[in-house]
Amino acid sequence: MQKENNAAVPSAASAKIRHRRRSNEVVPESSKVNGGNLLVDDRNKYKSMWIRTYSTVWMIGGFVLIVYMGHLYITAMVVVIQIFMAKELFNLLRKAHEDRHLPGFRLLNWHFFFTAMLFVYGRLLGQPLVNTVSSDKFLYQLVSSLVKYHMAICYFLYISGFMWFILTLKKKMYKYQFGQYAWTHMILIVVFTQSSFTVANIFEGIFWFLLPASLIVINDIFAYLFGFFFGRTPLIKLSPKKTWEGFIGASVTTIISAFMLANILGRFQWLTCPRKDLSTGWLQCDPGPLFKPERYTLPEWIPIRFPWKEISVLPVQWHALCFGLFASIIAPFGGFFASGFKRAFKIKDFGDSIPGHGGITDRMDCQMVMAVFAYIYHQSFVVRESISVEILLDQILTNLTFEEQQILLMKLGQILQERLGQS
């Protein structure tokens, strides 16, 4: 009798877990009435809209505040988002029964996560950190050494995790453990690929982070609104609530917004200047030709009553149109991919941390695609291929010892004296 009672306890607990999982599962398509899954036909759509709007206002308000605080705070926000995304994705394939027999296995996942974080951010922020502490000789030498041996440190941290994994392998758990190992590495690729491009965009100038991210938000909001009020034609089976009306309406709105928003953001130097160190002060720099307004005279066929005869356009606005096209036409496929992924695992959302939206990963699906495109576009079509004095100095200060720097200075002095003597 006692054994039966003891057996009932775990079964009850597992029943609770199963019940909790069912609440997040996708409703089978066969149980839906044709068209009944569209927002237009949803009886509770106004309630869900207000919940979603309330969360959106808070998210946008917090996002604007963090952007105003500067590069470091935006980077910190990206790190926090990464941690929440990793947590949601780690939990997706986790099984409570197996984890109880593998103490410390979750800790191993986070070991790999923070090793990857050290590797990515060490490569991205190593040089800015060196530039920040260059005035202090001790800190400069310490940080320079860490940057020099950064790759070796990360490698040995990873190898220690690899050995940890091998030593924790248990009989009858091999399949689950190797599945988790592979899943962890896939998560690291997904999370850190997009975040590395995002942080690189931030330090190229907040403009190159803020504009693409804002366009995804605008596209998402207007796709929801157009679908909410006018959506009648389903767009794709992977995401039943998406409609052609929402897709087209959001595309037009996003492209127009890209052109106008680039004009507004491009007039603030603290948004357009690149950050070369990890200080938090406001930036001032030469904005460059992309952010200097050009005047265009309007053609004669425009009506006389139109109040403007010429308009001021920043050259960067033409680049913004490409961002708008990508954000409205291609980036949504990141959302479709996430929808298919969730259907494969029979879940509605990746999490429930944002009321009306789901989890952090649900909000970042399109942002991941957009961040990579923004960086590649910026490096390919915006950045000029040139070697500047600043880049050379950074390389000299980072890679040469103090004695080697003195030798370089003497040789440069000799070369300059010879050239002056010849002239």
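As shown above, the structure is provided for reference.
Residues numbered from 1 in each chain as written. Predicted model: local features only at pLDDT ≥ 70, side-chain atom pairs only at ≥ 80, totals over all residues. Heavy atoms only, no water.

Here's the deal with the pattern of salt bridges
In step 1: In the structure shown here, the tally under the stated rule is six salt bridges.
In step 2: Between Glu-310 and Arg-295 there is a salt bridge, and its shortest N-O distance comes to 3.2 Å. Of the two residues, Glu-310 sits in strand β4 (residues 310-313) while Arg-295 sits in strand β3 (residues 294-297), which places them 15 residues apart along the sequence.
In step 3: On the basis of relative accessibility, which here comes to 36%, the residue Glu-310 falls in the partly exposed class.
In step 4: Judged by its relative accessible area of 54%, Arg-295 falls in the exposed class.
In step 5: One network of salt bridges, with partners in common, ties together Arg-52, Asp-220 and Arg-363. (Salt bridge = Lys/Arg side-chain N within 4 Å of Asp/Glu carboxyl O. Helix = DSSP H or I, 4+ residues; strand = E, 2+ residues; numbered from the N terminus. Buried < 20%, exposed > 50% of the residue type's maximum accessible area, 1.4 Å probe, protein only.)

Some words on the pairing of strand β2 (residues 239-243)
In step 1: Note: strand β1 (residues 234-236) against β2, two bridges, orientation antiparallel. Considered in β2, the bridge of Ile-236 is made with Ser-239.
In step 2: Linking β1 back to β2 in an antiparallel pair, the connection comprises two residues. (Pairing = 2+ DSSP bridges.)

Description of helix α16 (residues 402-422)
In step 1: With 21 residues, α16 extends 31 Å from end C-alpha to end C-alpha; this agrees with the ideal 30 Å at 1.5 Å per step.
In step 2: Within α16, only one of the 21 residues are buried, leaving the element largely exposed. (Expected span 1.5 Å × (residues − 1).)

Brief notes about the state of the cysteines
In step 1: Applying the stated criterion to the full structure yields one disulfide.
In step 2: Each sulfur in the disulfide pair Cys-273 and Cys-285 lies 1.9 Å from the other. Judged by the sign of its S-S torsion, about -100°, the cystine formed by Cys-273 and Cys-285 is left-handed. Taken together, the positions of Cys-273 in the loop between α11 (269-272) and β3 and Cys-285 in the loop between α11 and β3 put the pair 12 residues apart, joining distant regions of the chain.
In step 3: Assessed through its relative accessible area of 26%, Cys-285 is described here as partly exposed. (Disulfide = S-S within 2.5 Å.)

Some words on the packing of helix α3 (residues 71-92) against helix α14 (residues 360-382)
In step 1: Where α3 contacts α14, the axes come no closer than 9 Å and their chain directions differ by 115°. On the basis of the axis angle, α3 is roughly perpendicular to α14. For the element pair α3 and α14, the recorded crossing hand is left-handed. Seen from α3, the contacting residues are Ile-81, Phe-84, Met-85, Glu-88 and Leu-89; seen from α14, they are Ile-360, Thr-361, Met-364 and Met-368.
In step 2: Of the residues belonging to the contact of α3 with α14, the class tally is seven nonpolar, one polar and one charged. (Axes fitted to C-alpha atoms, helices over the stretch in contact; angles between N-to-C directions. Parallel < 35°, antiparallel > 145°, perpendicular 65-115°, else oblique. Left-handed = near helix turned anticlockwise from the far one by under 90°. Contact = heavy atoms within 4.5 Å. Nonpolar A, V, L, I, M, F, W, Y, C, P; charged D, E, K, R; others polar.)

So, the packing of aromatic side chains
Each pair of aromatic rings is reported with the distance of its centres and the angle of its planes.
In step 1: Inspection of every chain in the model, using the stated rule, returns 40 aromatic pairs.
In step 2: Relative to Phe-178, the ring of Phe-165 lies with its centre 5.2 Å away and its plane at 85°, an arrangement referred to as edge-to-face. One end of the pair, Phe-165, is in helix α7 (residues 150-167); the other, Phe-178, is in helix α8 (residues 174-204), and 13 residues separate them in sequence.
In step 3: The residue whose ring lies beneath Arg-52 is Tyr-224, and the NZ or CZ to ring-centre distance is 4.5 Å. (Phe/Tyr/Trp six-rings, centres within 6.5 Å; stacked < 30°, edge-to-face > 60°. Lys NZ or Arg CZ within 6 Å of the ring centre and 35° of its normal.)

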